[in-house]
Amino acid sequence: MQKLFVTGGAGFIGSAFIRLALARWPDAEITNFDALTYAGNPDNLKGLDDARHRFVRGDIADREAVLAALEAGTDAIFNFAAESHVDRSIERADDFLRTNILGTQVLLDAARERGVRRFVQISTDEVMGSLPEDDSAFFNEESGYAPNSPYAASKAAAEHMVRAARHTFGLDTVTTRCGNNYGPRQFPEKLIPLLLSNALHDEPIPVYGDGQNVRDWIYVEDHCRAVALAYERGEAGGIYNIGARNERRNLEVVESILAALDKPRSLIRYVKDRPGHDRRYAIDPSKVERELGWQPVETWESGLAKTITWYAENTEWISRVRGGAYRDFYARQYGAEVGAK
Ligand code: NAD
Ligand code: TYD
């Protein structure tokens, strides 16, 4: 039997990881520890009526709550919990520091106290900053830290705390850094779900700046499989960059989705750019391919088709998450330029 403690398991990637983990490790018992912030959604756990999955509502920055839920003999902590949206971190960063930095430190301390065998930190390519447009430059594991947004800076700080726990206390840690995920159940403040949910409602689609920024997209299940492999086979203290060699300009992403939904280009609205916007992310995944034997299963076309089908079939999920707090954020972010919801 393996005991796994997954934080942020009611979010987009964490809930996909729990589905994958239950299928991949029939002997796994999973505690899903999540605070259910605006981004955490119990609907993301629908269909997970497996007796091997236990949900505990709690905050990773709350030491007592973490210790109460974390059982001795736990094999691994997978830390997906985070404040994850760059634009929100630009508005206000304190929750990012609390959850992403302090929360990670609380988990590292609890891991030591409970004798957890391995700590897996889910990080991001954004800790390495922005690449030039010259397409011979890539992020690899030797790229230095150059976080540009408050979100990226908080995730870089978390990586440093993980490194320090390994160096100072010998904790067995692995860190994965991945590019932009897409797939089912992603909160519609991020580019792909925002444009899917707006296009399905025939609403305008905000495109930042000139729309030429480049992101390296990966289907969420491919990312989750790489995290599983990093847990199973990653070297202690290792960092693994995870990418599907799938760079796209934002405008290309928008146009592909509009075409797939048979919606007009006239829905596009160019809006003021994000301050300090990173121009390009692109990951060299050679290490994870070579050392962990990982390859993505989905192509951009197949992953996008699955994603579009999921959003088209789950309009109720979209309607529920587009209420309350989402509407307020959307109005602040885009109201003046594209109209509020
Ligand atoms: P998400 O915003 O969809 O989900 C985050 C989850 O964490 C939510 O369920 C939320 O309730 C929970 N959470 C937030 N604060 C918490 C706290 N203090 N205590 C307990 N739970 C808390 O995010 P996501 O897109 O699923 O991202 C998951 C992880 O992957 C994050 O660490 C993020 O930095 C990283 N990541 C995401 C991407 C991406 O493209 N989405 C890319 C690279 C790395
Ligand atoms: P996002 O999904 O927020 O991820 P990240 O900032 O972590 O890369 O944004 C992806 C890209 O899309 C980024 O360059 C900003 C841009 N973008 C838009 O053009 N319009 C939008 O409505 C959103 C949410 C993002």
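What this report covers is the structure whose coordinates are included nearby. (Residues numbered from 1 in each chain as written. Chains lettered and ligands numbered in written order. Predicted model: local features only at pLDDT ≥ 70, side-chain atom pairs only at ≥ 80, totals over all residues. Heavy atoms only, no water.)

Let us look at the nonpolar core. Among the nonpolar cores identified, the biggest contains 33 residues, and Ile192, Ile205 and Ile257 are the most heavily contacted of them. Elements represented by at least two residues in this core include exactly helix H6 (191-200), strand E8 (205-208), strand E9 (214-219), helix H8 (250-260), strand E12 (268-271), helix H10 (300-313), helix H11 (315-321) and helix H12 (324-338). Residues contacting Ile205, with those up to four places away along its chain left out, are Leu195, Asn198, Ala199, Val254, Leu258, Leu267, Ile268 and Arg269. Counting 27 residues, the second largest nonpolar core, distinct from the first, contains Leu20, Leu48, Phe78 and Tyr231. (Core = buried A, V, L, I, M, F, W, Y, C linked by side-chain atoms within 4.5 Å. Buried < 20%, exposed > 50% of the residue type's maximum accessible area, 1.4 Å probe, protein only. Helix = DSSP H or I, 4+ residues; strand = E, 2+ residues; numbered from the N terminus. Contact = heavy atoms within 4.5 Å.)

What surrounds ligand 1 is a group of 28 residues, the closest being Ile13, Asp34, Ser84, Tyr151 and Lys155. Between an oxygen atom of ligand 1 and a main-chain N or O atom of Ile13, the distance comes to 2.7 Å. Asp34 places a polar side-chain atom, nitrogen or oxygen, 2.6 Å from an oxygen atom of ligand 1. Here ligand 1 has 840 Å² of accessible area as a free molecule, and 96% of this is covered by the chains. Elements represented by at least two residues in the shell around ligand 1 include exactly helix H1 (12-24), strand E5 (118-124), helix H5 (150-169) and strand E7 (180-182). (Near = heavy atom within 4 Å. Polar contact = N/O pair within 3.5 Å; in protein donor to acceptor, adjacent residues only side chain to side chain. Areas by Shrake-Rupley, 256 points an atom, 1.4 Å probe, with all protein chains shown as cover.)

With that out of the way, let us pick up the packing of aromatic side chains. By the definition in use, this model includes 21 aromatic pairs. Between the aromatic rings of Phe139 and Tyr281, the centroid separation amounts to 6.3 Å while the plane-to-plane angle is 40°, which identifies the pairing as tilted. In this pair, Phe139 sits in the loop between E5 and H5 while Tyr281 sits in the loop between E12 and helix H9 (286-292), placing the two residues 142 residues apart along the sequence. Taken together, a centroid distance of 5.5 Å and an interplanar angle of 85° make the contact between Phe187 and Tyr326 edge-to-face. With Phe187 in the loop between E7 and H6 and Tyr326 in helix H12, the pair connects residues that are 139 residues apart, well separated along the chain. With respect to burial, Phe187 and Tyr326 carry one shared label: buried. (Phe/Tyr/Trp six-rings, centres within 6.5 Å; stacked < 30°, edge-to-face > 60°.)

Here we take up the layout of surface pockets. The method is simple in principle: a probe with the dimensions of a water molecule rolls over the atoms, and the space it marks as empty is what remains. Put simply, the second largest pocket is a space of about 210 Å³. At the level of secondary structure, the elements contributing two or more residues to the lining of the second largest pocket comprise helix H3 (86-91) and H12. Tallying contributions element by element places H12 first for the lining of the second largest pocket, with four residues. When the residues that make up the lining of the second largest pocket are grouped by side-chain class, the tally is five nonpolar, one polar and seven charged. Two domains each provide a minimum of three residues to the lining of the second largest pocket, namely domain 1 (2-181 + 217-242) and domain 2 (182-214 + 246-277 + 300-330). (1 Å grid on protein atoms, 1.4 Å probe; cavity = no way out; pocket = protein on both sides within 12 Å on 5 of 7 lines; lining within 4 Å. Points joined across faces, edges and corners; volume = space filled by probe spheres on them. Nonpolar A, V, L, I, M, F, W, Y, C, P; charged D, E, K, R; others polar. Domains from an automatic or database assignment.)

Here we come to the state of the cysteines. The final tally for this structure, using the stated rule, is zero disulfides. Free of any disulfide, Cys178 has its nearest neighbouring cysteine sulfur in Cys224, separated by 8.7 Å. A relative accessible area of 3% means that Cys178 is categorised as buried. With relative accessibility at 1%, the residue Cys224 sits in the buried group. (Disulfide = S-S within 2.5 Å.)

Attention now moves to the site of ligand 2. Ligand 2 sits among 18 residues. The nearest are Glu126, Pro206, Arg215, Arg274 and His277. Contacts to ligand 2 include Tyr208, whose backbone N or O atom sits 2.9 Å from an oxygen atom. In the environment of ligand 2, an oxygen atom lies 2.6 Å from a nitrogen or oxygen atom belonging to the side chain of Arg274. When isolated, ligand 2 has an accessible area of 510 Å², and the protein chains bury 98% of it. At the level of secondary structure, the elements contributing two or more residues to the shell around ligand 2 comprise H6 and E8. Top contributing element to the shell around ligand 2 by residue count: E8, with three residues. Residues of the shell around ligand 2, tallied by class, amount to eight nonpolar, five polar and five charged. When we break the shell around ligand 2 down by domain, the ones giving at least three residues each are domain 1 (2-181 + 217-242) and domain 2 (182-214 + 246-277 + 300-330).

Taken by themselves, the reported measurements are silent on function.
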